[in-house]
Amino acid sequence: MPNAAATVVSRLRAIVGDANVLTAPADVEAYVNDWRGRYHGTTRAVVRPATTQQVSEVMTACADASVALVPQGGNTGMCGAATPDASGEEVVLSLARMRAIRGLDAANATITAEAGVTLAAVQEAAAQAGLLFPLSLGSEGSCTIGGNLSTNAGGTAVLRYGNARDLVLGIEVVLADGRIWNGLRALRKDNTGYDLKQLFIGSEGTLGIVTAAVLKLFAAPRTRVTALAAVVDVSHAVALLRAMKQALGDRLVGFELVSGVALQLSRKHHPDLPDPLPGHPWYALLQIDDSASDAKLAALVEGALAEAVGGGVAVDATIAQSHEQAQRLWALRDNISEAQRREGPNIKHDISVPISAIPAFVDDTAAAIADAFAGAQLVVFGHLGDGNLHYNVAAPPGVEAQSFLSRTRQVNRLVHDRVVAAGGSISAEHGIGQLKREELAHYKAPLELELMRRVKAALDPRGLLNPGKVL
Ligand SMILES: Cc1cc2nc3c(=O)[nH]c(=O)nc-3n(C[C@H](O)[C@H](O)[C@H](O)COP(=O)(O)OP(=O)(O)OC[C@H]3O[C@@H](n4cnc5c(N)ncnc54)[C@H](O)[C@@H]3O)c2cc1C
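All residue numbers here refer to positions counted from 1 along the written sequence of the relevant chain. Selection of residues for local features in this predicted model requires a pLDDT of at least 70, selection of side-chain atom pairs for listing and counting requires 80 or more, and totals for whole chains, interfaces and linings are taken over all residues. The basis for the side-chain values is all heavy atoms of the structure; hydrogens and waters are excluded.

Asker: Can you lay out the pairing of strand β18 (residues 388-394) for me, pointing to particular residues and giving the numbers?
Answerer: Whether a residue is buried, partly exposed or exposed follows from its accessible area with a 1.4 Å probe, protein chains only, as a fraction of its type maximum: under 20%, in between, or over 50%, in that order. Secondary structure elements follow DSSP: runs of H or I of four or more residues count as helices, runs of E of two or more count as strands, with numbering from the N terminus. Taken across its 7 residues, β18 has 7 buried, putting it largely inside the fold. Summarising the sheet, strand β16 (residues 350-352) and β18 pair through 3 bridges and their orientation is antiparallel. Across the sheet, residue S352 finds its bridge partner in β18, namely N388. A pair of strands is labelled paired if DSSP reports no fewer than 2 bridges between them. In this structure, strand β17 (residues 377-383) lies alongside β18, joined through 7 bridges in antiparallel fashion. Bridging from a neighbouring strand, L378 pairs with V393 of β18.

Here it is in structure tokens:
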């Protein structure tokens with residue numbers, strides 16, 4: 001008599017159909033390796049349900065057989081959180097077939113999308129209705145709403161609109177025992193006790209399976225200005241941010257910091273991209289939007305930047321003269337992660353500190369890295385407007401990447417000790433996954449870890465949801 005775990009795959013086939021349970025190595029390949037190529041697992045099967053009811057039945061079947069599940073959306077995460085372990089026992093639950101937009105309420109400014117809808121498809125549906133869904137990431141063509149919520153994704157418009165967490169009004173979740181919680185409320189005010197949806201948002205698939213969400217929409221921008229400024233150092237970038245906030249108010253949607261090294265790396269792998277202000281150590285990329293048609297906005301931005309240059313805050317600045325030019329400036333920024341992937345392995349940090357602490361953090365950490373790892377290459381860029389930097393460290397020239405990676409823990413401690421000393425976070429937007437689990441255990445207060453474990457035990461007492469991730 002075969003045991004329940006051995007027969008779970010045939011039960012999954014009965015739920016979603018043979019075509020949607022993948023087991024052949026070539027078929028599961030794309031689901032068991034992460035985007036960065038850093039984590040490689042194996043799986044009993046990849047199951048691809050198309051409805052919430054099917055997700056619930058899949059979860060029940062796995063719970064009955066005590067088989068663990070790894071939820072997966074677009075598999076663009078940076079922390080190995082959607083990659084199964086090496087045991088071959090876990091099932092990958094892909095939400096990619098749940099791609100219906102269930103409704104859009106223009107008067108309520110909400111959209112209800114299933115977990116597997118790509119971020120770009122939600123943006124597009126909103127735009128077709130004359131509205132805006134403001135979450136914006138370099139991976140938006142592939143990442144999914146379920147993944148965005150489960151990682152509490154950030155991106156380039158957090159300064160104005162907040163993280164994914166701030167853009168959600170309601171969610172639908174399948175619990176570890178297979179029950180469905182329909183929390184798809186479309187309300188901006190609801191004080192009926194604990195805000196349970198926020199527990200699932202950012203939980204990286206460890207507390208429940210997000211199957212759909214009600215998301216907030218905003219007035220679409222009718223006027224957009226994109227500008228690039230060069231600055232001498234990070235403290236001047238912070239001063240520029242402050243000056244631009246003062247001049248432009250909440251029309252300042254994005255303020256990205258890009259080091260000269262990061263910009264040139266992006267251009268190395270995309271030589272067709274422009275280099276409008278060559279030769280500076282740091283740049284700020286700004287996006288300014290207005291929902292009204294405002295022909296004077298470009299002049300206002302130009303005036304504010306001219307004042308910054310005149311006052312020595314910035315060295316030089318340029319404003320995109322067309323939509324195409326603006327896209328090419330953004331491509332310089334958005335292609336950095338991809339360029340780094342092509343360049344080879346590096347040690348990534350996704351940190352936040354109070355904006356005022358960023359200049360000292362950047363200077364002190366660069367000096368400490370130069371001391372400990374002479375010649376190590378820093379690729380620093382990120383969302384300065386949110387105090388969030390991607391602080392990536394690559395091997396010194398001539399040092400084999402894998403041997404440098406073997407010193408990851410030392411590099412991490414050097415960077416993260418400084419982050420924590422500045423009152424910061426060791427994961428601003430990418431999450432913990434398996435990559436930073438040890439760091440989380442090292443830096444999080446014991447009481448906070450205990451509370452997290454109690455929440456996990458309450459919602460997933462048998463530890464079947466994404467084991468080995470986060471905690
Ligand atoms: C080029 C590039 C640029 C990026 N830029 C940014 C950025 O600016 N800001 C940012 O925050 N991130 C960024 N990312 C990281 C990544 O795109 C985000 O974390 C994204 O939200 C992940 O979505 P996904 O659908 O790919 O999720 P996956 O990678 O498939 O999964 C991520 C986590 O969510 C869980 N999960 C997925 N779907 C569900 C579900 N339906 N229910 C429960 N759990 C689920 C998984 O188990 C895993 O723990 C970038 C990635 C790339 C490759």
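Asker: Describe the pairing of strand β4 (residues 91-94), with residues and values.
Answerer: Look at any regular strand and the pattern is simple: side chains alternate between the two faces of the sheet. Residue alternation in β4 divides its side chains into two sets, V91 and L93 and V92 and S94, and both sets are buried. As judged from the 3 bridges shared by strand β2 (residues 45-47) and β4, these two strands associate in the parallel manner. Across the sheet, V47 pairs through a bridge with L93, a residue of β4. The pairing of strand β3 (residues 69-72) with β4 spans 4 bridges and is parallel.

Asker: Account for the sheet that holds β18, with residues named and values stated.
Answerer: Spatially, 7 strands are ordered β15-β12-β14-β13-β17-β18-β16 in an open sheet, and the strand pairing comes out antiparallel. Since the sheet does not close on itself, it has two edges, and those belong to β15 (316-319) and β16, each with one partner. Ignoring which end each strand starts from, the neighbouring axes of this sheet average 20° apart. Pairing of strand β12 (residues 223-231) with strand β14 (residues 282-290) involves 9 bridges; the strand directions are antiparallel. Across the sheet, A230 pairs through a bridge with Y283, a residue of β14. Between two residues, a contact is recorded if the distance between any of their heavy atoms is within 4.5 Å. For every element, the axis is a line fit to its C-alpha atoms; helices are fit only across the contacting stretch, and the angle between N-to-C directions ranges from 0 to 180 degrees. On top of the sheet, helix α10 (residues 297-310) reaches β12, β14 and β15; it is set at about 170° to β15, its chief contact. Contacts between helix α13 (residues 358-372) and the sheet are confined to β14, β16, β17 and β18, with β18 contributing the most and set at about 10° to the helix.

Asker: Provide a residue-level description of the site of the ligand, including the pertinent values.
Answerer: When we say a residue is near a molecule or strand, we mean one of its heavy atoms is within 4 Å of it. Near the ligand you find 35 residues, and of these P71, G73, T76, S139 and T144 are the closest. Two N or O atoms count as a polar contact when they lie within 3.5 Å, although within protein this holds only if one can serve as hydrogen donor and the other as acceptor, and sequence-adjacent residues are included solely when both atoms are side-chain atoms. Between the ligand and G73, the relevant distance is 2.7 Å, taken from an oxygen atom to a main-chain nitrogen or oxygen of the residue. Taking N75, its main chain carries an N or O atom lying 2.9 Å from an oxygen atom of the ligand. Put simply, the parts of the chain that give the shell around the ligand at least two residues each are β3, α5 (145-150) and β10 (209-216).

None of the figures reported here should be taken as evidence of function without further support.
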